[in-house]
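In case you want the letters, here they are:
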Amino acid sequence: MATRIRVFMAKLRGLFGRQRSNCELENEIQLHIQMLADRFVLQGMKPGDAEAAARRQFGNTTLLRERHYRQRTLSSLTTLMRDLHFGLRQLARNPILTCVAITSLALGIGANTAIFTAAKRVLFDTLPVTNPHQLRMLTWVSGHELPVPPVWGDVGPNEAGGLTSNSFSYPVFEEMRKRADAVESFVAFKDAPMTATIDGHAETISGELISGNAFQALGVKPELGRTLSPADDLAPGSGPVVVISDGFWTQRFARSPLVVGKSISLNGVPVTIIGVSSGRFAGLQMGSSMQVFAPLTMQPLILPKAQNGSVSLLDNPQSWWLQVLVRLRPDVSEGRAQGELDTTLRQAAMPVLKHTGDLDRFHLQFAPGDRGLDYLRAEYARLSYVLLAIAGFVLLLACLNLANLLLARSASRQRELSTRMALGAGRGSIIRQMLTEALLLSSFGGIAGLLLGYLGRNVVLRLLTNSPQPELEQVQFDWRVLLFTLGISIATGILFGLAPAWQAMRMATYCGLREWGGATVNRHRLWLDKTLVIGQIAVSATLLMGAGLFVHTLVNLNRIPLGFDSNNILLFRLDLPRTRYSDAQMATFFKQLEERLASLPGVRSVTVNNIGIIGDGHSGANFHVLGRPKEKDPVRVQTNGVGADFFETLGIPILQGRAFNQHDNSTSPKVAVVNRALAEKFFPNENAIGKTFETDVVEGPVQIVGIAADTRYADLRTDTPPTFYAPYVQKSNGPSRMMVELRTLADPASVLTEARTTVESLDADLPMTDVRTMKEQVRSTLADERALAQLAGGFSLLALVLASIGIYGMMAYAVTTRTGEIGLRMALGAQARQVLSRILREAFCLTGAGIVLGLIAALWLTRFIRVMLYGLGSLDALTLGSTAVLLIVVSLLAAFAPARRASRIDPIRALRHD
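Parameters at a glance
- Here the residue numbers are simple positions, counted from 1 along each chain's written sequence.
- Two thresholds apply to this predicted model, a pLDDT of at least 70 for residue-level local features and 80 or more for giving and counting side-chain atom pairs, whereas whole-chain, interface and lining totals are computed over all residues.
- Note: side-chain values were computed over all heavy atoms of the structure, leaving out hydrogens and water.
- Helical segments are the DSSP runs of H or I of at least four residues, strand segments are the runs of E of at least two, and each set is numbered from the N terminus.
- Only heavy atoms matter for contacts: two residues are in contact if any of them lie within 4.5 Å across the pair.
- Geometry is summarised by axes, namely lines fitted to C-alpha atoms with helices restricted to the contacting stretch, and by angles between N-to-C directions that run from 0 to 180 degrees.
- For this classification, under 35 degrees means roughly parallel, over 145 means roughly antiparallel, 65 to 115 means roughly perpendicular, and everything else is oblique.
- A clockwise turn of the near helix away from the far one marks a right-handed crossing, whereas an anticlockwise turn of less than a right angle marks a left-handed crossing.
- The residue classification treats Ala, Val, Leu, Ile, Met, Phe, Trp, Tyr, Cys and Pro as nonpolar and Asp, Glu, Lys and Arg as charged. All others, Gly included, are polar.
- Residues form patches when they are more than 30% accessible in relative terms and have no salt bridge. Like charges link within 9 Å. Nonpolar side chains (Val, Leu, Ile, Met, Phe, Trp, Tyr) link within 5 Å.
- Computed with the Shrake-Rupley method and a 1.4 Å probe, the accessible areas treat only the protein chains shown as cover for residues.
- Salt bridge, as used here: a side-chain nitrogen of Lys or Arg that lies within 4 Å of a carboxyl oxygen of Asp or Glu.
- Residues are called lining when one of their atoms sits within 4 Å of a cavity or pocket point, these points coming from a 1 Å grid over the protein atoms alone, where a cavity is a set in which a 1.4 Å probe fits but cannot get out and a pocket is an open set with protein on both sides within 12 Å along at least five of seven lines.
- Grid points are joined across faces, edges and corners, and a volume is the space filled by probe spheres set on the points.
- In this analysis, the expected span of each helix is defined as 1.5 Å times one less than the number of residues it contains.
- The buried label applies to any residue whose accessible area, calculated with a 1.4 Å probe on protein chains only, is under 20% of its type's maximum; exposed applies above 50%, and partly exposed to all values in between.
- By the counting scheme adopted, Arg and Lys are positive, Glu and Asp are negative, and His together with the chain ends is not counted.
- To form a nonpolar core, buried Ala, Val, Leu, Ile, Met, Phe, Trp, Tyr and Cys residues must be joined to one another through side-chain atoms within 4.5 Å.
- Pairing between two strands requires that DSSP report at least two bridges joining them.
- For Phe, Tyr and Trp, rings pair up if their centres lie within 6.5 Å, where Trp contributes its six-membered ring, and each pair is then called stacked (planes under 30 degrees apart), edge-to-face (over 60) or tilted (otherwise).
- Pairing of N or O atoms within 3.5 Å defines a polar contact, subject to two protein rules: one partner must be a possible hydrogen donor and the other a possible acceptor, and residues neighboring in sequence count only if both atoms are side-chain atoms.
- Scored between 0 and 100, pLDDT is the confidence that the predictor attaches to each residue.
- A residue's bend is given by the angle between axes fitted to the 7 residues ending at it and the 7 residues starting at it.

1. Some thoughts on the overall build of the protein chain
Secondary structure assignment for the protein chain yields 27 helices and 26 strands. Restricting to contacts in the protein chain with at least 6 residues of sequence separation, those with at least 24 account for 80%.

2. Section: the packing of helix H25 (residues 832-865) against helix H26 (residues 877-903)
Taken N-terminus to C-terminus, the directions of H25 and H26 make an angle of 150 degrees; their axes are 8 Å apart at the nearest point. Between H25 and H26, the angle is such that the two are roughly antiparallel. Crossing of H25 over H26 shows right-handed handedness. Contact residues: Ala832, Val835, Leu836, Ile839, Leu840, Ala843, Phe844, Thr847, Ile851 and Leu855 in H25; Leu880, Ala884, Leu887, Ile888, Ser891, Leu892, Ala895, Phe896, Ala899, Arg900, Ala902 and Ser903 in H26. Its residues placed into classes, the contact of H25 with H26 shows 18 nonpolar, 3 polar and 1 charged.

3. Section: a nonpolar patch on the surface
Taken together, the side chains of Trp479, Leu483, Leu486, Ile490, Ile494 and Leu498 make up a nonpolar region of the molecular surface, amounting to roughly 620 Å² of accessible area. With respect to the element layout, Trp479 can be found in helix H16 (residues 479-506).

4. So, empty space enclosed by the protein
Tallied over the full model, the rule gives 3 cavities of 30 Å³ or more. Estimated volume of the largest cavity: approximately 80 Å³. What lines the largest cavity is a set of 11 residues, and nearest its centre among them are Met545, Leu549, Ala858, Leu875 and Asp876. Residue contributions to the lining of the largest cavity peak at 4 residues, all from H25. Within the lining of the largest cavity, the residues separate by chemical class into 7 nonpolar, 3 polar and 1 charged.

5. Observations regarding helix H6 (residues 95-123)
The end-to-end C-alpha distance of H6 is 40 Å, a good match for the 42 Å that 29 residues give at a rise of 1.5 Å each. Of all 29 residues in H6, 22 are buried, a share of seventy percent or more.

6. Regarding the environment of Glu741
Tracing the chain through its elements places Glu741 in strand E25 (residues 737-744). On the accessibility criterion, Glu741 (1% relative accessible area) is buried. In this view, Glu741 contacts Ile569, Leu570, Leu571, Ser605, Val606, Thr607, Val608, Asn609, Thr649 and Leu650; residues no more than four positions away in its chain are not counted.

7. Describing the side chain of Glu208
Relative to the helices and strands, Glu208 is located in strand E5 (residues 201-210). No salt bridge is formed by the buried Glu208. Its closest oppositely charged neighbour is Lys190, at 9.7 Å. Aside from chain neighbours lying at most four places away, what touches Glu208 is Phe189, Lys190, Asp191, Met194, Gly283, Leu284, Gln285, Met290, Val292, Phe293 and Ala294.

8. A short note on the nonpolar core
The biggest cluster of nonpolar side chains holds 99 residues, and the ones touching the most others in it are Ile210, Leu284, Phe496 and Phe550. It is helix H12 (residues 376-412) that provides the largest number of residues to this core, a total of 18 residues. Not counting residues within four places of it along the chain, the set of residues in contact with Ile210 comprises Val187, Ala188, Phe189, Phe215, Leu228, Leu284, Phe293, Ala294, Pro295 and Leu296. Among the nonpolar cores identified, the runner-up in size contains 56 residues, and Val148, Ala188, Ile264 and Leu322 belong to it.

9. Section: the pairing of strand E15 (residues 569-575)
Most of E15 is tucked away: 6 of the 7 residues are buried. Relative to E25, E15 is paired through 7 bridges, and the arrangement is antiparallel. Within the sheet, the bridge partner assigned to Asp575 lies in E25 and is Arg737. Alignment of E15 against strand E26 (residues 769-773), held across 3 bridges, turns out to be antiparallel. Looking at the pairing, Arg573 lines up with Thr769 of E26.

10. A word on the packing of aromatic side chains
Throughout the structure, instances matching the rule amount to 24 aromatic pairs. An angle of 45 degrees between the planes, with centres 5.7 Å apart, marks the rings of Trp140 and Phe362 as tilted. With Trp140 in strand E1 (residues 135-142) and Phe362 in the loop between helix H11 (334-349) and strand E13 (363-368), this residue pair connects regions lying 222 residues apart in the sequence. Each member of the pair, Trp140 as well as Phe362, carries the same accessibility label: buried. Each ring, one from Phe623 and one from Phe682, has its centre 4.7 Å from the other, and the planes form 50 degrees; the classification is tilted. Residue Phe623 is located in the loop between strand E17 (620-622) and strand E18 (624-625), and its partner Phe682 is located in helix H20 (residues 676-682); the two are separated by 59 residues in the primary sequence. For the pair Phe623 and Phe682, a shared accessibility class is recorded, and that class is buried. The rings of Trp140, Phe168, Trp320 and Phe362 are connected pair by pair, giving a single aromatic cluster.

11. Brief notes about unusual backbone geometry
Positive phi is not limited to glycine here, since Ala254 has a value of about 55 degrees. Secondary-structure assignment places Ala254 in the loop between helix H9 (246-253) and strand E8 (263-266). Take Ala254: its relative accessible area is 63%, and that puts it in the exposed class. A positive phi is found at Asn267, a non-glycine position, where the angle reads about 50 degrees.

12. A short note on the pattern of salt bridges
One pass over the structure, following the stated rule, counts 23 salt bridges. The salt bridge partner of Glu174 is Arg177, with a shortest N-O separation of 2.2 Å. With Glu174 and Arg177 both in helix H7 (residues 170-179) and 3 residues apart, this pair spans about one turn of that helix. Here Asp331 ties to Arg329 by a salt bridge, and the two come within 2.8 Å at their closest N and O atoms.

13. Quick notes on the side chain of Gln730
The residue Gln730 is located in the loop between strand E24 (723-727) and E25 in this model. Its relative accessible area of 4% is what places Gln730 among the buried residues. Polar side-chain contacts of Gln730 include one of 3.0 Å to the backbone oxygen of Asn665. For Gln730, the contacting residues outside a window of four places in its chain are Asp664, Asn665, Ser666, Ser668, Pro669, Lys670, Val671 and Val698.

14. Points about the confidence of the model for the protein chain
This prediction gives the protein chain a mean pLDDT of 83; 87% of its residues lie at or above 70. Confidence drops under a pLDDT of 50 for residues 466-473, and excluding neighbours within four residues, the segment shows 22 contacts in the predicted structure. Confidence drops under a pLDDT of 50 for residues 512-521, and excluding neighbours within four residues, the segment shows 15 contacts in the predicted structure.

15. A word on the pairing of strand E4 (residues 183-198)
Within E4, 13 of the 16 residues are buried, which leaves it mostly tucked inside the rest of the structure. Across 6 bridges, E4 lies against strand E12 (residues 323-328) in antiparallel orientation. Considered in E12, the bridge of Ala188 is made with Val324. As paired elements, E4 and E5 share 10 bridges and run antiparallel to each other. In the sheet register, Ile198 faces E5, and the bridge partner there is His201. In this antiparallel pair of consecutive strands, E4 and E5, the connection spans 2 residues, and Asp199 shows a positive phi of 55 degrees.

16. Points about H26
For H26, built from 27 residues, the straight-helix expectation of 39 Å at 1.5 Å per residue is met to within 8% by its first-to-last C-alpha distance of 37 Å. Where H26 bends most, the angle comes to about 40 degrees, and this point is Phe896, followed within four residues by the proline Pro898. Where H26 is concerned, the buried positions are Thr879, Thr883, Ala884, Leu887, Val890, Ser891, Ala894, Ala895, Pro898, Ala899, Ala902 and Ser903.

17. Examining the environment of Val751
For Val751, the location among the structural elements is in the loop between E25 and helix H21 (752-762). Given the relative accessible area of 4%, Val751 is considered buried. Val751 sits 148 residues away from Val603 along the chain, and the two C-alpha atoms are 7.6 Å apart. With residues near it in sequence (within four places) discarded, Val751 still touches Leu570, Pro601, Gly602, Val603 and Thr744.

Structural data, given as structure tokens:
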């Protein structure tokens with residue numbers, strides 16, 4: 001092994017100092033020849049004859065030099081360098097083709113790089129912590145009945161037909177942390193929006209309550225100051241300190257080192273900033289960037305939540321609200337750790353579990369924790385795969401187009417290649433040279449594409465996300481992106497270099513040395529050209545059909561009746577901190593706010609409600625009609641706490657009965673207005689007006705006083721759910737977080753300044769958030785569909801341009817190679833229009849074949865995106881027809897110039913040329 005290494009190093013050194021080595025070899029050869037010549041002279045030969053005899057006896061000096069060169073250098077590396085040098089010269093000789101090729105590849109590779117960079121965050125990125133693969137998210141599973149009290153978090157169905165959630169109560173978390181030896185550490189956290197007052201200015205920020213050991217357990221170091229410690233998390237109020245994120249430090253404090261020790265208030269509670277977390281760490285929820293981290297035991301002060309007579313959730317076993325991560329011990333198996341925690345969970349939670357028949361199905365399970373609480377993948381995974389597929393199709397089309405260009409270029413080099421083969425070059429060296437030139441092109445295209453991908457790395461996320469936080473739109477341009485770009489650059493170089501290399505391999509040695517020798521190759525070239533063009537049209541047709549489906553979906557969603565008038569409505573949200581407002585004070589605040597806003601010039605009416613009518617989520621409640629038997633499982637419907645002028649402000653028609661008025665207050669009988677969907681479901685053959693029901697969000701019986709028209713509720717895709725509206729002053733919980741709607745006489749932006757002044761007059765520490773118009777709110781719910789339509793449409797137009805270039809190139813080459821045939825036809829009586837129609841018919845046939853293949857591919861791929869479409873069948877005739885017509889028109893236009901040139905060929909000159 002040592003000898004081989006020494007030989008390799010010697011050959012590597014031989015690549016340098018080549019001139020000195022050649023001089024030494026040449027001197028040695030001349031010395032040996034001179035010594036032989038001198039010996040022959042001594043034997044009686046004349047000097048001239050002696051030198052000739054000496055050279056004959058010494059042998060082939062050229063072969064000796066080549067053998068010596070191979071022995072002292074790395075021949076393969078030298079050959080590669082020679083091929084690269086020759087390839088660069090060839091590219092420089094064709095600057096137009098080189099620029100077109102690099103530009104096409106840069107667009108294709110850049111699009112793939114940008115989309116992969118965004119998809120990487122959605123699909124592959126992990127938390128920026130130490131050894132994230134050791135983390136597990138705790139979840140529990142049960143039967144179809146909810147075994148625990150209502151949770152503050154997500155509960156959804158699992159694959160076994162039961163329920164699953166990742167929320168735990170604080171007492172259960174403490175019990176598991178005390179009794180579990182199979183895991184290295186526990187980290188509990190809960191995210192919540194907060195109102196921060198900094199230097200007298202109030203703003204809404206994203207905050208996370210986190211256990212005191214979290215930063216140490218996760219291996220997150222401070223950028224400045226210190227992080228939270230277990231001592232900060234011993235008891236409520238023991239640690240009125242916070243750590244801020246690097247992004248918030250940059251955005252709000254301009255990276256000032258004086259931020260450590262600064263006092264701010266969170267929801268009215270004074271806290272002190274003790275440090276800044278490391279740059280990339282922004283919380284334990286993937287897809288959200290937390291700005292402030294507070295000790296978990298600060299919950300009763302910062303986020304009081306009234307339940308069972310207390311605002312603290314730390315000693316309340318009835319409230320399941322915490323998310324928990326554990327770090328596995330290297331010396332303990334995952335199965336043992338899960339089993340131990342499962343036993344502890346069942347024992348600790350047993351006092352509060354509902355004793356149902358499904359109780360034996362209540363168990364703890366581990367979920368991957370390397371991405372923390374991951375909503376990003378569930379929301380954008382399918383969209384990311386679709387965008388990657390679209391970008392891949394564009395890159396494939398660019399490869400087919402470049403293969404066509406290189407085929408034309410290789411045909412022009414036919415004499416050169418044939419001459420090289422006649423002089424002894426092997427087919428392998430020809431193929432290697434062609435692939436080297438293709439890889440050079442793909443390398444330059446990859447470098448340009450990497451630059452484009454870097455510049456556009458945040459464009460896709462900006463199109464997809466509606467969050468006002470700038471941190472959400474930042475992605476990491478790391479080694480995986482570089483590796484991906486390198487991989488697709490090499491793959492594309494090989495892909496579009498295979499066609500000319502295969503043609504060069506099939507070319508006979510004598511083809512380029514005879515006048516008619518290229519005829520056979522030309523036939524092969526045309527056949528391969530037509531195949532590539534059909535492939536380009538098929539890929540273009542697939543992309544155009546996909547873009548058409550997404551655009552048609554967007555159009556269908558925009559045409560959906562909302563059920564209310566979205567014109568001239570201004571929206572904003574207010575979140576009253578419970579640390580400063582009781583339920584009665586909240587109701588009083590919003591009552592005063594409605595009155596003052598309604599008196600502003602240009603405001604027609606004002607209302608508030610718990611849930612924004614479009615794009616603001618769900619709010620469910622139990623619903624039971626009094627006088628009917630109770631169902632075994634509670635029936636859930638949607639609900640909304642609204643102001644007295646809600647229906648008038650939003651323009652929702654009242655079909656029967658009445659709307660709310662000022663007499664429906666906290667002391668009056670409880671009333672509700674239901675929508676048509678609820679009335680038809682629960683009162684199909686009777687009048688719902690006057691009926692009473694009970695629910696868990698309003699105390700006592702509730703009487704139905706009106707039936708409103710159906711409106712879209714959470715989004716535009718789902719049908720209107722059964723919903724009842726109740727005055728917010730009559731609901732059990734105070735109206736802490738409300739959406740305010742103002743219907744204006746003119747542009748809603750004209751009253752924004754006065755509305756902000758009105759809010760500040762009531763509470764200067766209360767920020768207005770999510771300020772937008774109703775049309776912007778509705779528009780924001782279609783961000784995914786709009787991004788898909790825009791990106792797919794842009795890529796499909798690029799594909800159309802590339803396909804038209806391919807058609808033009810193929811038809812132009814066909815006309816050039818068939819000049820003699822066309823001239824002969826015209827000499828025998830063919831008319832110019834017949835030649836023109838023949839060329840156009842050929843282009844039409846190629847386009848038709850490509851459209852058929854593209855249709856088949858589109859029908860097969862549609863099943864993967866059907867869930868993303870709306871109002872369309874498996875085959876949309878409008879999209880299919882418009883795609884076919886567009887491709888046919890573009891292909892005929894691309895082929896018209898070559899066809900017109902063919903129809904003007906002079907038969908005499910064509911025949912004389914051949």
